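# Per-entry structural report
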Amino acid sequence: MKLSSIERKIIENSIRDIKDFPKQGIVFKDITTLLNDKEAYGVLMNHLYQKYKDYNLNYIAGIDARGFIFGAALAQMLSIGFVPIRKKGKLPYTTISEKYSLEYGIDEVEVHIDAFSKIPHARVLLIDDLIATGGTANAAAKLIKQAGGECVEACFVLGLTFLDGIENLKNQTTVYSIIEVA
Ligand code: AMP
């Protein structure tokens, strides 16, 4: 199911650009204004539901923290489970973790070891608000596999196509970004 040009505009117009946040030279894509706009949030969630309703998914895995908002809502619409992929040190039970490089230093994401264990070879959709360098999503897709799931696709509201993130992630799974930012 494709977005109409009107629906695309509604979503695009609801996202606010904040220049030089969190540091000089970055244009931060603020999705709080999308969430605040019931029409835009509705158009987006309906699009995701229509696109993924026939994928036979078992779980949505959302990336900390904005991936939780879209991922948990979609999991409810699809009547499937939701799995949080969190920054290091937040999950209380036994975890599997994966490090990834940032511009300066390293970061780490974790998933509960038994997150997908109820369903053998669970079909999992990975979700986040935005893919930039792809470091976070790559690490998250690896975690899904290590925890016994199959990462069927990775989905983003926004994809920054002037960076290599989307192309790199395609080595692991298929990638869908609703709005491409060139
Ligand atoms: P990356 O690992 O470089 O693909 O970064 C993706 C993560 O950082 C996502 O969880 C995004 O929420 C956040 N992020 C990176 N760049 C931006 C940006 N320009 N605007 C909003 N969020 C961003």
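One structure accompanies this document, and this report is about it. (Residues numbered from 1 in each chain as written. Predicted model: local features only at pLDDT ≥ 70, side-chain atom pairs only at ≥ 80, totals over all residues. Heavy atoms only, no water.)

### As for the overall build of the protein chain
From N to C terminus, the protein chain includes 6 helices and 9 strands. Its C-alpha atoms give the protein chain principal-axis dimensions of about 40 × 40 × 30 Å. Summarising the internal contacts of the protein chain: among those between residues at least 6 apart in sequence, 55% fall at separations of at least 24. About 9500 Å² of surface is accessible on the protein chain, with carbon and sulfur atoms providing 50% of the total. For the protein chain, the distance from the average site of its 21 positive side-chain charges to the average site of its 22 negative ones is 1 Å. (Helix = DSSP H or I, 4+ residues; strand = E, 2+ residues; numbered from the N terminus. Contact = heavy atoms within 4.5 Å. Areas by Shrake-Rupley, 256 points an atom, 1.4 Å probe, with all protein chains shown as cover. Lys, Arg positive; Asp, Glu negative; His and termini not counted. Charge placed at Lys NZ, Arg CZ, Asp CG, Glu CD.)

### Here's the deal with the pattern of salt bridges
Under the counting rule described, the total for this entry stands at 12 salt bridges. For Lys53, the salt bridge identified is with Asp54, shortest N-O distance 3.6 Å. Linked through salt bridges whose partners overlap, the residues forming this network are Lys88, Lys99, Glu108 and Glu110. (Salt bridge = Lys/Arg side-chain N within 4 Å of Asp/Glu carboxyl O.)

### With respect to the packing of helix α3 (residues 38–52) against helix α4 (residues 66–78)
Relative to each other, α3 and α4 sit at 55°, their axes nearing to 10 Å. The angle between α3 and α4 places the two elements in the oblique class. Viewed along their axes, α3 and α4 form a crossing whose handedness is right-handed. Together, Tyr41, Leu44, Met45, Asn46, Leu48, Tyr49 and Tyr52 of α3 and Ile69, Phe70, Ala73, Leu74, Met77 and Leu78 of α4 make up the contact between the two elements. Looking at the contact of α3 with α4 residue by residue, the classes come out as 12 nonpolar, 1 polar and no charged. (Axes fitted to C-alpha atoms, helices over the stretch in contact; angles between N-to-C directions. Parallel < 35°, antiparallel > 145°, perpendicular 65-115°, else oblique. Left-handed = near helix turned anticlockwise from the far one by under 90°. Nonpolar A, V, L, I, M, F, W, Y, C, P; charged D, E, K, R; others polar.)

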